[in-house]
Amino acid sequence: MASRVRATGNNFILASLLATLSYLPFQLVAQFTLIICVLLFVVDPFPTSRLVSVAGVAVVLAITKARQHFLILEANEEELQQQQQQQQQSVNATHDDK
């Protein structure tokens, strides 16, 4: 029975940590993840853990690139909407002059 409680307690701590990280800014979580991966790579001599560290860095890199791409697309979309509004306003202004 004690091992069951202990396992549940460990999962609760991990779940609480992940829930807390979800409220932090993306850059902070990414930096924290990279630091953990670097520490794991340097401190743990087992090849499997080093592969996990490299995979973690690759995942953070992929998410960062996807986020930057999304932000660029969002900025371009907003700029396009502003241009369309300006064009519509200029068309309306020319119609009002006539």
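As a reminder, the structure under discussion sits directly above these lines.
What comes next is a walk through the structure. Treat the numbers as computed from the prediction; the structure is a model and nothing was measured. (Residues numbered from 1 in each chain as written. Predicted model: local features only at pLDDT ≥ 70, side-chain atom pairs only at ≥ 80, totals over all residues. Heavy atoms only, no water.)

Describing the overall build of the protein chain
Thinking step 1. When its secondary structure is counted, the protein chain shows 3 helices and 0 strands.
Thinking step 2. When its helices and strands are written in sequence order, the protein chain yields α-α-α.
Thinking step 3. Counting every position in the protein chain, which comprises 98 residues, the buried fraction comes to 8%.
Thinking step 4. Of the roughly 8,500 Å² that the protein chain leaves accessible, carbon and sulfur atoms contribute 66%. (Helix = DSSP H or I, 4+ residues; strand = E, 2+ residues; numbered from the N terminus. Buried < 20%, exposed > 50% of the residue type's maximum accessible area, 1.4 Å probe, protein only. Areas by Shrake-Rupley, 256 points an atom, 1.4 Å probe, with all protein chains shown as cover.)

Quick word on the packing of aromatic side chains
Thinking step 1. A full pass over the atoms with the stated rule returns 0 aromatic pairs.
Thinking step 2. Residue placement shows Arg50 over the ring face of Phe41; its charged tip is 5.0 Å from the ring centre. (Phe/Tyr/Trp six-rings, centres within 6.5 Å; stacked < 30°, edge-to-face > 60°. Lys NZ or Arg CZ within 6 Å of the ring centre and 35° of its normal.)

Some points on helix α2 (residues 26–43)
Thinking step 1. Between its terminal C-alpha atoms α2 stretches 26 Å, which fits the 26 Å expected from 18 residues at 1.5 Å a residue.
Thinking step 2. Along α2, the residues classified as buried are Val29, Ala30 and Cys37. The arc enclosing the buried residues of α2, seen along the axis, measures out at 100°, which places them on a common side. The exposed set on the far side of α2, more than 90 degrees from its buried face, consists of Val42 and Val43. (Expected span 1.5 Å × (residues − 1). Arc of directions from axis to C-beta.)

Some remarks on the environment of Leu61
Thinking step 1. As for its position among the elements, Leu61 is in helix α3 (residues 47–97).
Thinking step 2. Judged by its relative accessible area of 49%, Leu61 falls in the partly exposed class.
Thinking step 3. A C-alpha to C-alpha distance of 8.7 Å links Leu61 and Ala30, two positions 31 residues apart in sequence.

A short note on the side chain of Ser53
Thinking step 1. With respect to the element layout, Ser53 can be found in helix α3.
Thinking step 2. Residues contacting Ser53, with those up to four places away along its chain left out, are Cys37, Leu40 and Phe41. (Contact = heavy atoms within 4.5 Å.)

Description of a nonpolar patch on the surface
Thinking step 1. A grouping of Phe32, Ile35, Ile36, Val38, Leu39, Phe41, Val42, Val43 and Val54 is seen on the molecular surface, where their side chains present a nonpolar patch of about 830 Å² in accessible area.
Thinking step 2. Locating Ile35 in the fold gives a position in helix α2. (Patch = residues over 30% accessible without salt bridge, like charges linked within 9 Å, V, L, I, M, F, W, Y side chains within 5 Å. Salt bridge = Lys/Arg side-chain N within 4 Å of Asp/Glu carboxyl O.)

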